[in-house]
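# Chains, contacts and geometry: an overview
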Amino acid sequence: ADQIGRAFQFVPLTTTGVNFQDSAIAIANSNSLLNPRYLINQSGGLITVPGHLLSYRLGMTFKRMAKTNGFARGVVEAIGVEQRVRGDSGIEIFRDQTVIRFTQGRTGPGDSGSVWLNDSNDRLNNYAAAVHFAGSTDGMRSVSFPIERAMRTYGTLVAIPAAAGGYKAGVAKGKAPKNNYAYIRPLTRKQRSLSPVITFNAGQKKP
C-alpha cells in the first residue's frame with residue numbers, strides 16, 4: 001500500500017574489481033508523487049536546485065538533508081580517495097571518492113543516498129554536488145561520489161519547477177580548470193566502462 005514506484009536502473013557493485021559509484025534510479029508510479037525541490041529543514045522548507053556540478057574543489061562547503069540525521073553541513077576534506085566499504089557481499093573497493101568532514105551534524109545508517117548541495121552563496125549555490133553512500137564509524141565524515149557520475153551514467157539531469165506544475169531540466173556547471181588537480185575530474189572512458197547500467201524488467205527483483 002505504501003509503494004511509490006519501482007526500481008528502474010542500477011550500477012552493480014563488485015567485490016572482485018573497483019567501484020566508482022553506488023547508485024540506482026527509480027520510476028515513480030505517478031509524477032504527482034514527485035516534487036522538484038529539495039527539503040532543507042525539519043519544518044518542511046523547500047528550495048529549488050538549479051542543476052548539478054561537473055566538478056568541485058577541496059575546501060568547498062556543502063549542505064544536505066538526510067533521512068536519519070537530518071540537516072548537516074560539511075567541508076570537502078579530500079578527493080580522489082580509495083575507500084574500502086563492507087557491503088552485503090563482502091569488502092567493496094571504491095576509487096576516486098570524496099571525503100566530506102562534518103562541521104554541523106553527523107551521519108549514520110539510513111542516510112545513504114542523501115545529496116550534498118553547494119553551500120557557497122555564489123552563482124553555484126544550491127547546485128547538487130555529491131551523493132553520500134558511506135560514513136566513518138564516528139559519524140563525522142561522509143564518503144561520497146560526485147553526482148556528475150550518476151547523471152552521466154543514467155543520462156539524467158536535475159529537475160526544476162516549471163509552469164503549470166511541470167518540470168524542466170536543470171543545468172550542469174562547474175567544469176574543472178585545466179591542470180588544477182585540487183578539483184575532482186570526470187572519469188575516463190575506461191573507468192566509465194567499469195560502471196555498466198543494469199535495467200530492471202517489470203516485476204524483477206534486484207539480485
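Residues numbered from 1 in each chain as written. Predicted model: local features only at pLDDT ≥ 70, side-chain atom pairs only at ≥ 80, totals over all residues. Heavy atoms only, no water.

### Re the side chain of Ser-142
Test applied: Put simply, DSSP marks the helices as runs of H or I at least four residues long and the strands as runs of E at least two long, and each gets a number from the N terminus on. Exposure classes here rest on a 1.4 Å probe applied to the protein chains alone. A residue is buried below 20% of its type maximum, exposed above 50%, and partly exposed in between. Polar contact is the term for a pair of N or O atoms within 3.5 Å; when the atoms are in protein, one must be able to donate a hydrogen and the other to accept it, and sequence-neighboring residues count only if both atoms are side-chain atoms.
Topologically, Ser-142 is positioned in strand β12 (residues 141–146). The buried category is assigned to Ser-142, whose relative accessible area is 0%. Reaching out from Ser-142, the side chain makes a polar contact with the side chain of His-132 at a distance of 2.8 Å.

### Describing the layout of surface pockets
Note the threshold: We place a 1 Å grid over just the protein atoms. Points where a 1.4 Å probe fits but has no way out form a cavity, open points with protein on both sides within 12 Å along at least 5 of 7 lines form a pocket, and any residue with an atom within 4 Å of a point lines it. Grid points are joined across faces, edges and corners, and a volume is the space filled by probe spheres set on the points. Here the term charged refers only to Asp, Glu, Lys and Arg, the term nonpolar to Ala, Val, Leu, Ile, Met, Phe, Trp, Tyr, Cys and Pro, and the term polar to all other amino acids, Gly among them.
Within this model, the second largest pocket holds a volume of roughly 210 Å³. What lines the second largest pocket is a set of 16 residues, among which Tyr-56, Arg-57, Met-60, Leu-124 and Tyr-183 lie closest to the centre. Considered class by class, the residues forming the lining of the second largest pocket number six nonpolar, six polar and four charged.

### Notes on helix α1 (residues 147–154)
Among the eight residues in α1, six count as buried, and that is most of the element. Along α1, the positions that sit buried rather than exposed are Ile-147, Glu-148, Arg-149, Ala-150, Met-151 and Tyr-154. Directly beyond the C-terminal end of α1, a positive phi value near 65° is found at Gly-155.

### Things to note about the sheet that holds strand β1 (residues 5–10)
Short version of the rule: A pair of strands counts as paired when DSSP detects no fewer than two bridges linking them.
The antiparallel open sheet is built from three strands, whose spatial order is β3-β1-β16. Strands at the two margins of the open sheet, each flanked by one partner only, are β3 (24–28) and β16 (198–199). Where β1 meets β3, five bridges bridge the pair, whose relative direction is antiparallel. By the bridge assignment, Arg-6 is partnered in β3 with Ile-27.

### With respect to the side chain of His-132
Using the following cut-off: Contacts were defined at the residue level, with two residues in contact if any of their heavy atoms lie within 4.5 Å.
Mapping His-132 onto the fold places it in strand β11 (residues 128–135). What makes His-132 buried here is its relative accessible area of 2%. Engagement of the side chain of His-132 in a polar contact is seen with the side chain of Arg-64, the distance being 3.3 Å. Aside from chain neighbours lying at most four places away, what touches His-132 is Arg-64, Thr-107, Asp-111, Ser-112, Gly-113, Ser-114, Trp-116, Ser-142, Val-143 and Ser-144.

### Considerations on the pattern of salt bridges
For the record, the criterion: Salt bridges are counted wherever a side-chain nitrogen of Lys or Arg sits within 4 Å of a carboxyl oxygen of Asp or Glu.
Taken as a whole, this structure holds eight salt bridges when the rule is applied. Residue Asp-111 pairs with Arg-64 through a salt bridge whose shortest N-O separation is 3.3 Å. Pair noted here: Asp-111 is in the loop between β9 (90–104) and β10 (115–118) and Arg-64 is in strand β7 (residues 61–66), with a separation of 47 residues, a long-range link. Each of the two residues, Asp-111 as well as Arg-64, counts as buried. Linking Arg-101 and Glu-77 is a salt bridge whose minimum nitrogen-to-oxygen distance equals 3.3 Å. Residue Arg-101 is found in strand β9, and its partner Glu-77 is found in strand β8 (residues 70–87); the two are separated by 24 residues along the sequence. The class for Glu-77 is partly exposed, based on a relative accessible area of 35%. Because the salt bridges share partners, they merge into one network encompassing Lys-63, Arg-73 and Asp-119.

### What about the packing of aromatic side chains?
Two numbers describe a pair of aromatic rings. These are the distance of the centres and the angle of the planes. Put simply, the rule reads: Working definition: rings of Phe, Tyr and Trp (its six-membered ring) pair if their centres are within 6.5 Å, and the pair is stacked with planes under 30 degrees apart, edge-to-face with planes over 60 apart, and tilted otherwise. Criterion for a charge above a ring: Arg CZ or Lys NZ at most 6 Å from the ring centre, at most 35 degrees from the ring normal.
This structure, assessed with the given rule, holds six aromatic pairs. Taking the centre distance of 4.6 Å and the plane angle of 45° together, the rings of Phe-94 and Phe-133 count as tilted. Of this pair, Phe-94 sits in strand β9 while Phe-133 is found in strand β11, placing the two residues 39 residues apart along the sequence. Owing to a relative accessible area of 8%, Phe-133 belongs among the buried residues under this scheme. Here a set of aromatic residues connected by ring pairs shows up, and it is made of Tyr-56, Phe-62, Phe-102 and Trp-116. Between the NZ or CZ atom of Arg-185 and the centre of the ring of Tyr-181, over which it lies, the distance is 4.4 Å.

### Side note on the nonpolar core
This is how the line gets drawn: Definition of nonpolar core: a set of buried residues of the types Ala, Val, Leu, Ile, Met, Phe, Trp, Tyr and Cys, connected through side-chain atoms within 4.5 Å.
By size, the foremost hydrophobic cluster in this structure holds 22 residues, and its most contacted members are Tyr-38, Val-49, Leu-117, Ala-128, Phe-133 and Val-158. Put simply, the parts of the chain that give this core at least two residues each are β8, β11, β12 and α1. Among residues more than four places away in sequence, those in contact with Phe-133 are Asp-22, Val-85, Phe-94, Gln-97, Ser-112, Val-143, Ser-144 and Phe-145. Among the nonpolar cores identified, the runner-up in size contains 15 residues, and Leu-53, Phe-62, Trp-116 and Ala-130 belong to it.

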